[in-house]
Amino acid sequence: MLRMKGKRWSFLSAHFVLLFFIFYAIAGLVLFDDYGSGPDEGIERQTSLVNYRYTIEKLNLPVSDAVETWLAYLPPLKEYRDRYYGTALHGLLVLIESAFQFRLEPHIFYGMRHFFTFLNFYLAAICFYQLLKNRFANRLLSLTGVILLVSSPRIFAESFYNNKDILFLSWYIFSVFFLLRWLKKPTIANALLAGGILAFTINTRMTGIVLLPFLLFFALIRAVVTHDWDKRKTGSLAVLLLSTFAVFYLITPNFWDHPLQVLMETLSFSSSHPNHSAAGNLFMGRIVDASVEWSYIPVWIAVTTPTVIMLISLVGTVVLAFRFIKAPILFLKNQLQFDDLFIFSTGVFPVIYIILTHVTIYNGWRHCYFCYPTLVYLAILGIHAILDIYSAETFPQSVKRFFIPMLVGLTIVANVLFIIRNHPYEYAYFAPLVRSKASLFSGDYWGISTRQLLEYIVKNDDRSLIRIDHSQTNSGSINRGNLDESDRNRLELLYESENADYLLFTRDDKNFQVEMFPDFETVFTVEVEGDPISRVLKRKENLP
């Protein structure tokens, strides 16, 4: 019996990383269809379809008459307002829809997109594990970093439906990993791989272009401090840059005509978002313009990130700064510490740039999610410094062996329990110390819970025609698509309440006030830890 137990423990200790990723994959397969949809999912789908139509027409590709007729209702790419957004990663999803003549049910193609978003994040989590393992040579510490990343409640939830910012976060991880790989071994093969991945990252969100100057800067630093640079490495760098530009050009149809002009337009669009506004954000109880409120991003990060991760990432930052200041040349010559600085720089400095240059930001801090893996990386660096660097004489053994592991373990347990208690609304997570003030911030800015609001109505009202005012949420129409066809056909969505039987309300840039809707009464509320983020209101005269 003891021998059997020993074998089981040996198996678990040898394969715990594999077992975690198997469990995480199963969780994703089970949960991906639980979430509602946000407006950007519909916009992203349409943008990818507009690009698909342009590609077919430009290259004269053969498609069926049914597909050609269906695509004809879409606007031309060059007249489309969101033409500056890349959609290369969604190409496979468009091809699947096209193969079915665009006859898939809405809940099918949106569910497919949820799964695809999760799949990208899942693969990025594996890549993040390898990044940590390369740095710290410790499987348990590396897996801890992955679990801290994927169990952060907001990131966990949005990894299923945020098909822009989470995709960008995922490909940012891929790019950083393979750029570091090239910096260590600048072969032609590594250059081609890094360049291709970077191209998809930039296509996903133009912010990814900041990785190019970081690459050049760190390659220069490496050459100066190591005195190890030759024509072969220069050629490899040229291949990396050329492959980035070439692949980006191929996968971005909007650039096929007048690429330099379109590049300037895209960079301008990305910094100012002329089709959107930063001025309508509920922040600390006020409606603010996020592009000019310098504290907007730091505060959002602080109040929605598990506190222990924030604190230990600060420890990691201090450790990194101390090592660099103490001996900068030796620091840069050390490959592992060089990697630390590269990861820190690519995650932190772009966010500082966004704050200082007043780039348009809205909907919490989702545009800066790409920096979150860096926060987790710094947290693991801090844990590693405490556990493995300081000797018993300079740091208490009780802290090393008990307190820090317990603190991190409790954080993971608290994250998982929060997700279980509040699923599928864990995207409304606030750190425990500020949770009582959650109503001062946007709670459900995308209206993801609108799906559950509509499901409540169709479950509790069997009339053949139900009129619903969805002007107080962002996602009424798209979440109607997540219902069965028979229920969809019973709903008439309105943008006024005068003739409505029900009213949907989600807390985005406004808090609920009873006096706003004197003819309606709340009959169903979605709450996260006691904080109401959305509700169904029914006309009083229709109440039993």
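J.: Which parts of the structure should I look at to understand the packing of helix H5 (residues 106-136) against helix H7 (residues 153-161)?
T.: Each pair of packed helices gets described by two things: the angle between the helix axes and the distance between those axes. Interhelical geometry of H5 versus H7 gives an angle of 125° and a closest axis separation of 5 Å. Considering the angle they form, H5 stands oblique to H7. Contacts between H5 and H7 pair Arg113, His114, Thr117, Phe118 and Phe121 from the former with Ile155, Glu158, Ser159, Phe160 and Tyr161 from the latter. The residue inventory of the contact of H5 with H7, partitioned by class, reads five nonpolar, three polar and two charged.

J.: So what exactly am I meant to see when it comes to the sheet that holds strand S4 (residues 491-494) here?
T.: As a general point, the strands of a sheet are linked pairwise by backbone hydrogen bonds and lie either parallel or antiparallel. Taken together, the five strands give an open sheet; going across it, the order is S4-S3-S5-S7-S6, and neighbouring strands pair in mixed fashion. Because the sheet does not close on itself, it has two edges, and the strands there are S4 and strand S6 (520-528). Taking each pair of neighbouring strands and ignoring which way they run, the sheet shows an average axis angle of 25°. The pairing of strand S5 (residues 502-506) with strand S7 (residues 531-539) spans five bridges and is antiparallel. Opposite phenylalanine 505, over in S7, you have arginine 535 as the bridge partner. Contacts from helix H19 (residues 450-460) reach strand S3 (466-472), S4, S5, S6 and S7 within the one sheet, and its direction differs from that of S5 by about 155°.

J.: Help me understand empty space enclosed by the protein, please; the structure alone is not making it clear to me.
T.: Unfilled space is identified by rolling a water-sized probe across the atoms. Applying the stated criterion to the full structure yields six cavities of 30 Å³ or more. The space that makes up the largest cavity amounts to roughly 90 Å³. Around the largest cavity, the lining residues are Phe128, Leu131, Tyr172, Ile173, Val176, Ile343, Phe370, Pro373, Thr374 and Tyr377. Put simply, the parts of the chain that give the lining of the largest cavity at least two residues each are H5, helix H8 (165-184) and helix H17 (372-389). When grouped by side-chain class, the residues that make up the lining of the largest cavity number nine nonpolar, one polar and no charged.

J.: Can you help me understand the nonpolar core in this one?
T.: For soluble globular proteins, the rule of thumb is that nonpolar side chains tend to be buried together. Counting 143 residues, the largest nonpolar core has Phe21, Tyr24, Phe128 and Ile468 as its most contacted members. In contact with phenylalanine 21, other than residues within four places in its own chain, are Tyr122, Ala125, Ile126, Tyr129, Leu143 and Val146. Formed by 13 residues, the second largest nonpolar core is a distinct cluster that contains Tyr54, Leu77, Val94 and Phe102.

J.: Help me understand helix H4 (residues 91-99) in this model?
T.: Listed as buried for H4 are Leu93, Val94, Glu97 and Ser98. One side of H4 holds all its buried residues, which, seen down the axis, span an arc of 140°. Pointing more than 90 degrees away from the buried face of H4 are the exposed residues Leu92 and Ala99. The inward-facing, buried residues of H4 contact helix H2 (39-59), helix H3 (65-71) and H5. Glutamine 101 sits one or two residues past H4 and shows a positive phi near 60°.

J.: Whenever I open this one, a nonpolar patch on the surface confuses me. Can you help?
T.: Taken together, Leu18, Leu19, Ile22, Ile26 and Val30 make up a surface patch of nonpolar side chains, about 440 Å² in accessible area. As for its placement among the helices and strands, leucine 19 is situated in helix H1 (residues 2-31).

J.: Can you walk me through unusual backbone geometry in this structure?
T.: Outside of glycine, negative phi angles account for most residues, and trans bonds account for most peptide bonds. Note that the residue after histidine 423, namely proline 424, is joined by a cis bond; omega there is 5°. With a phi angle near 60°, phenylalanine 102 is a residue other than glycine that sits in the positive phi range. With relative accessibility at 8%, the residue phenylalanine 102 sits in the buried group. Its identity as a non-glycine residue notwithstanding, asparagine 363 has a phi of 60°, on the positive side. By the element assignment, asparagine 363 lies in the loop between helix H16 (335-356) and H17.

J.: In this structure, what is going on with H2? I would like to understand it.
T.: For the α-helix, the turn length of 3.6 residues means that residues three or four positions removed from each other point alike. Across its 21 residues, H2 extends 31 Å between first and last C-alpha, which sits within 8% of the 30 Å expected from 1.5 Å per residue. Two residues or fewer past H2, asparagine 60 is found with a positive phi of approximately 55°.

J.: What is the right way to read the pairing of S3 from this model?
T.: A regular strand carries its side chains on alternate faces of the sheet. For S3, a buried count of five out of seven residues is recorded, marking the element as mostly surrounded by other parts of the structure. As defined by bridge partners, S3 adjoins S4 across four bridges and the pair is classed as parallel. Bridging across to S4, aspartate 469 finds its partner in leucine 494. Bridge count between S3 and S5: three bridges; the pairing is parallel. Of the residues in S5, the one forming a bridge with isoleucine 468 is tyrosine 502.

J.: Looking at this structure, I do not really get the environment of phenylalanine 116. What am I missing?
T.: By secondary structure assignment, the location of phenylalanine 116 is in helix H5. In this structure, the C-alpha to C-alpha distance between phenylalanine 116 and leucine 89, residues 27 residues apart in sequence, is 9.5 Å. In this structure phenylalanine 116 touches Leu89 and Leu93, once residues within four positions along its chain are discounted.

J.: In this structure, what is going on with the environment of glycine 364? I would like to understand it.
T.: Inspection of the secondary structure assignment puts glycine 364 in the loop between H16 and H17. For the pair formed by glycine 364 and glutamate 496, sequence separation is 132 residues and the distance between their alpha carbons is 27 Å. Ignoring anything within four residues of it in the chain, the contact list for glycine 364 reads Asn281, Tyr296, Trp300 and Tyr445.

J.: Looking at this model, I keep getting lost on the packing of H4 against H5. Mind explaining?
T.: Interhelical geometry of H4 versus H5 gives an angle of 150° and a closest axis separation of 11 Å. Judged on the interaxial angle alone, H5 and H4 are roughly antiparallel. The handedness of the crossing between H4 and H5 is right-handed. Within the contact between the two elements, H4 uses Leu93, Val94, Ile96 and Glu97 and H5 uses Phe109, Met112, Arg113 and Phe116. Its residues assigned to classes, the contact of H4 with H5 comprises six nonpolar, no polar and two charged.

Rules used in this analysis
Residues numbered from 1 in each chain as written. Predicted model: local features only at pLDDT ≥ 70, side-chain atom pairs only at ≥ 80, totals over all residues. Heavy atoms only, no water. Axes fitted to C-alpha atoms, helices over the stretch in contact; angles between N-to-C directions. Helix = DSSP H or I, 4+ residues; strand = E, 2+ residues; numbered from the N terminus. Parallel < 35°, antiparallel > 145°, perpendicular 65-115°, else oblique. Contact = heavy atoms within 4.5 Å. Nonpolar A, V, L, I, M, F, W, Y, C, P; charged D, E, K, R; others polar. Pairing = 2+ DSSP bridges. 1 Å grid on protein atoms, 1.4 Å probe; cavity = no way out; pocket = protein on both sides within 12 Å on 5 of 7 lines; lining within 4 Å. Points joined across faces, edges and corners; volume = space filled by probe spheres on them. Core = buried A, V, L, I, M, F, W, Y, C linked by side-chain atoms within 4.5 Å. Buried < 20%, exposed > 50% of the residue type's maximum accessible area, 1.4 Å probe, protein only. Arc of directions from axis to C-beta. Patch = residues over 30% accessible without salt bridge, like charges linked within 9 Å, V, L, I, M, F, W, Y side chains within 5 Å. Areas by Shrake-Rupley, 256 points an atom, 1.4 Å probe, with all protein chains shown as cover. Salt bridge = Lys/Arg side-chain N within 4 Å of Asp/Glu carboxyl O. Expected span 1.5 Å × (residues − 1). Left-handed = near helix turned anticlockwise from the far one by under 90°.

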